[in-house]
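# Coordinates in review
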Amino acid sequence: MLFSVCVPSYNRGHRAYKLIQRLLGMSLDETKIEIICSNNGSDKNVEGYEKLKKVQDKRFVYHEFSTNHGFAGNVNQVIKMSHGDFCMLLSDEDWILEENLEFYLRIMEKYPDIGVIRPRTGFAFADIEDCFAGAGKQAIDAFYMRGLYVSGMIFNRHIVTDQMIDEYAEKYRDNTGYIYYPHMFISTYALLRGHFFASDVWLVSEGETEEDLQVMDKAAEIPAYDAYDNVIKQMHGFIEHIKDLELPLQMQFDMLVMVFEQHAYLIRHRREGYVAGGFDYQGIMRLMAQKMKDELHDMKLPFQKKDLQAVCQFIDSITIEAKEE
């Protein structure tokens, strides 16, 4: 069984080169692992990419776009280049704990019908618990919207095919949720068709993000992808995906609630940044609550009046009335 480590990278050749060198230092041979790096048309810090072009190792494949294809385009490219039965996305500032990789390789060999594997990471998934959930509703309940961080996400390539990737890329090219979080759309597809496995065995350790990360406001220090207007668009994108899946009504409702919870959190955990930047934080939360209620109405789920009122109260509780985090 071959396992693919997929590294999408942009403007961080110095980090990508350091990571690839570290990964190639692992003892696994080419029959067990391959490492792929895709450079998304970088125009900064390119020296590391030039070094990667010269790497001679049977386990390593390098690719670069001449222009920026967006995060989703680069993620799709690096997955499609993989030949493994399973592939893992790894951000170029993170790394793998080699001593624990064999544990996950054994899981993949033992359970080839797993659609998604979510290992423990040092920060984003530090408190993840052991879990094995059956494909479909169980897998969705276990993992849908349970964190958006890309590193460590492992997909079954017999489920996540090139055809599936191409179809999603075409269908959701204007979907803001997909543009920022293609791996979450892919994971949902895989969870509906394969089992889910999570473990507290630590596999990925996160590095620090770049200091020059684009921000919506320098004082607020809020990344552009986490700006409230983008978060609202992302929320709408995820809900559009739910509609397209044509799932039972109860599953649609459950997933809708998970989307609301996650995106309310994305606003709340940036509270200090909004306040520091002079934004009307309470006004933002009121806007978020109204957008959620609008989405709820547009879903046209067959609610009784009392149930609709209860959902609206829940929305207020996670937005307007939410405690500071």
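Calculation notes
- Residues numbered from 1 in each chain as written.
- Predicted model: local features only at pLDDT ≥ 70, side-chain atom pairs only at ≥ 80, totals over all residues.
- Heavy atoms only, no water.
- Helix = DSSP H or I, 4+ residues; strand = E, 2+ residues; numbered from the N terminus.
- Rg over C-alpha atoms; globule rule 2.2 N^0.38 Å.
- Buried < 20%, exposed > 50% of the residue type's maximum accessible area, 1.4 Å probe, protein only.
- Contact = heavy atoms within 4.5 Å.
- Areas by Shrake-Rupley, 256 points an atom, 1.4 Å probe, with all protein chains shown as cover.
- Lys, Arg positive; Asp, Glu negative; His and termini not counted.
- Charge placed at Lys NZ, Arg CZ, Asp CG, Glu CD.
- Core = buried A, V, L, I, M, F, W, Y, C linked by side-chain atoms within 4.5 Å.
- pLDDT = per-residue confidence, 0-100.
- Phe/Tyr/Trp six-rings, centres within 6.5 Å; stacked < 30°, edge-to-face > 60°.
- Expected span 1.5 Å × (residues − 1).
- Arc of directions from axis to C-beta.
- Disulfide = S-S within 2.5 Å.
- Polar contact = N/O pair within 3.5 Å; in protein donor to acceptor, adjacent residues only side chain to side chain.
- Salt bridge = Lys/Arg side-chain N within 4 Å of Asp/Glu carboxyl O.

### A look at the overall build of the protein chain
For the protein chain, the count of helices and strands is 13 helices and nine strands. Relative to its length of 325 residues, the protein chain is compact, with a C-alpha radius of gyration of 20 Å against a globular reference of 20 Å. Its C-alpha atoms put the protein chain at 65 × 45 × 35 Å along the principal axes. Relative to its 325 residues, the protein chain shows a buried fraction of 52%. Sequence separation of 24 or more characterises 82% of the internal contacts of the protein chain that already satisfy a separation of 6 or more. For the protein chain, the accessible surface area stands at approximately 15400 Å², while carbon and sulfur atoms represent 48% of it. Measuring between centres, the 35 positive side-chain charges of the protein chain sit 1 Å from its 51 negative side-chain charges.

### Topic: the nonpolar core
With 69 residues, the main nonpolar core has Ile79, Tyr144 and Phe155 as its most contacted residues. Per-element accounting of this core gives the leading share, nine residues, to helix H10 (residues 249–268). Setting aside residues up to four positions removed in sequence, Tyr144 forms contacts with Ala139, Thr188, Leu191, Phe238, Ile242, Met255, Met258 and Val259. Counting 33 residues, the second largest nonpolar core, distinct from the first, contains Ala16, Met26, Ile117 and Val204.

### Quick notes on the confidence of the model for the protein chain
When pLDDT is averaged along the protein chain, the result is 93, and 95% of the positions lie at 70 or above. Note on residues 212–219: pLDDT is under 50 here. Beyond four places in sequence and across chains, it has 20 contacts.

### Focus: the packing of aromatic side chains
All chains considered together, the criterion is met by 14 aromatic pairs. Between Tyr111 and Phe132 the ring centres are 5.2 Å apart and the planes differ by 55°, which places this aromatic pair in the tilted class. In this pair, Tyr111 is assigned in the loop between helix H4 (98–110) and strand E6 (114–121) and Phe132 in strand E7 (residues 131–133), connecting sequence segments 21 residues apart. Here Tyr168 and Tyr189 contribute two aromatic rings whose centre-to-centre distance is 5.7 Å and whose plane-to-plane angle is 80°, an arrangement assigned as edge-to-face. Here Tyr189 lies in helix H8 (residues 182–191) and Tyr168 lies in helix H6 (residues 162–171), a separation of 21 residues in the sequence.

### Looking at helix H1 (residues 13–24)
Spanning twelve residues, H1 covers 16 Å between terminal C-alpha atoms, matching the ideal 16 Å at 1.5 Å per step. Taken together, the buried positions of H1 are occupied by Gly13, Ala16, Leu19, Ile20, Leu23 and Leu24. End-on, the buried residues of H1 take up no more than an arc of 130°, which puts them together on one face. On its buried face, H1 sits against strand E1 (3–9), strand E2 (33–39), helix H2 (47–53), strand E3 (60–64) and strand E5 (95–96).

### As for the environment of Glu30
Along the chain, Glu30 turns up in the loop between H1 and E2. Given a relative accessible area of 42%, Glu30 falls into the partly exposed group. When the C-alpha positions of Glu30 and Phe3 are compared, they lie 9.4 Å apart, and in sequence the two are 27 residues distant. Here Glu30 is in contact with Leu2, Lys58 and Arg59, once residues within four sequence places are set aside.

### Considerations on the state of the cysteines
Summed over the entire model, instances satisfying the criterion amount to zero disulfides. No disulfide involves Cys6; its sulfur sits 4.5 Å from the nearest other cysteine sulfur, which is in Cys87.

### Overview of the side chain of His63
Within the element layout of this structure, His63 appears in strand E3. Assessed through its relative accessible area of 18%, His63 is described here as buried. A polar contact is formed between the side chain of His63 and the side chain of Ser38, at a distance of 3.0 Å. The contacts of His63, once residues within four sequence positions are left out, are Cys37, Ser38, Asn39, Gln77 and Met81.

### Looking at the pattern of salt bridges
What the rule picks out here adds up to 15 salt bridges. With a shortest N-O distance of 3.9 Å, Asp280 and Arg286 are connected by a salt bridge. For Arg286, a relative accessible area of 46% gives the class partly exposed. Where Asp316 meets Lys293, a salt bridge forms, and the shortest distance between an N and an O atom there is 2.9 Å.

### Some details on the side chain of Asn11
Summarising the element assignment, Asn11 is placed in the loop between E1 and H1. A relative accessible area of 12% places Asn11 in the buried class. Polar contacts involving the side chain of Asn11 include one to the main-chain amide nitrogen of Asp43, which spans 2.9 Å. Discounting chain neighbours no more than four positions away, the residues touching Asn11 are Ser42, Asp43, Lys44, Asn45 and Tyr49.

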